[in-house]
Amino acid sequence: MSGDPEHVRRLRSVPPDTVTPSPDELLSRVARGEEAAFAALYDTVAGRVLGLARRVLRDPAQAEEVTQEVMVEVWRTAGRFEAGRGSASAWILTMAHRRAVDRVRSEQAHTDRSRRVAATETHVPYDEVVEDVTARLEREQVRRCLGRLTPVQREAVTLAYYGGHTYREVAEKLNTPLPTVKTRMRDGLIRMRDCLGIDMEGRA
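Below or above, wherever it landed, is the structure these notes cover. (Residues numbered from 1 in each chain as written. Predicted model: local features only at pLDDT ≥ 70, side-chain atom pairs only at ≥ 80, totals over all residues. Heavy atoms only, no water.)

1. Some thoughts on helix α2 (residues 23-31)
Of all the positions in α2, only P23, L26, L27, R29 and V30 are classed as buried. Projected onto a plane normal to the axis of α2, the buried residues spread over an arc of 160° and lie on a single side. (Buried < 20%, exposed > 50% of the residue type's maximum accessible area, 1.4 Å probe, protein only. Helix = DSSP H or I, 4+ residues; strand = E, 2+ residues; numbered from the N terminus. Arc of directions from axis to C-beta.)

2. Describing the nonpolar core
Formed by 47 residues in total, the largest nonpolar core has its most connected members in L41, V70, V74 and M185. Mapped by element, the contributors of at least two residues to this core are α2, α3 (35-57), α4 (60-77), α5 (88-120), α6 (126-147), α7 (151-162), α8 (167-174) and α9 (178-203). If you tally residues by element for this core, the top one is α3, at twelve residues. (Core = buried A, V, L, I, M, F, W, Y, C linked by side-chain atoms within 4.5 Å.)

3. Quick notes on the pattern of salt bridges
Inspection of every chain in the model, using the stated rule, returns twelve salt bridges. E25 is paired through a salt bridge with R29; the nearest N and O atoms lie 3.9 Å apart. Pair noted here: E25 and R29 are both in helix α2, with a separation of four residues, about one helical turn. Among the residues examined, E25 registers a relative accessible area of 41% and is labelled partly exposed. Its salt-bridge partner being R103, residue E69 comes within 2.9 Å of it at the nearest N-O pair. Of this pair, E69 sits in helix α4 while R103 sits in helix α5; the two residues are 34 residues apart in sequence, bridging distant segments of the chain. On the accessibility criterion, E69 (12% relative accessible area) is buried. It is possible to trace a salt-bridge network through shared partners that takes in E65, E69, E73, R98, R99 and R103. (Salt bridge = Lys/Arg side-chain N within 4 Å of Asp/Glu carboxyl O.)

4. Concerning the environment of E65
Secondary-structure assignment places E65 in helix α4. Considered as a pair, E65 and R143 are 78 residues apart in the sequence and their alpha carbons are 8.9 Å apart. Reaching out from E65, the side chain makes a polar contact with the side chain of R103 at a distance of 3.1 Å. (Polar contact = N/O pair within 3.5 Å; in protein donor to acceptor, adjacent residues only side chain to side chain.)

5. Looking at α3
The largest bend along α3 reaches roughly 45° and is located at V45. One or two steps after α3, the chain reaches R58, where phi turns positive at roughly 60°. (Bend = angle between axes of the 7 residues up to and from the residue.)

6. Details of unusual backbone geometry
In the Ramachandran plot, R58 falls in the positive-phi region, its phi being about 60° despite a non-glycine side chain. Here R58 lies in the loop between α3 and α4. For R58, a relative accessible area of 72% translates into the label exposed. Positive phi is not limited to glycine here, since N175 has a value of about 55°.

This is the structure in structure tokens:
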């Protein structure tokens, strides 16, 4: 996906559709590399992803982290979506539910292990240590990649994901034109995707 200024200017110059495409159509376009489609898909589904994550996790901070992870995963894996097996919204929300449940299990497992260690003063099995460390490294990886964004990108992404705001609400809070906010979000998520991909390759 191109991130050069001329490409971004062309995207911003295209007039918005009079009818908002369905999530299925948007996801199909994201899979083909259309950055503007991802911005529209985010506006459509991110609020529902955050709401589901909050219901499962009961922890706003962790729900916000899961939402960010899910939307980055959607950006990276849109090409894997199979329309014949269900809707795009269901695919994304299933992904969100799985990640939220995994987070609950990971946190519960960590709590249970800590209690057992405190009660028995025995060593934690090696495989459990690896599982716990891996989960924490993945969360730290997302935080580290977020820190690599430019200040304006990080501000927009943080308000959207960690504040649960739509693009329009972010634009109002920052007193910034909506197209500019969408461009910052889009470029920020591209950089997040690239950062996570590089880190994953380094760990393979």
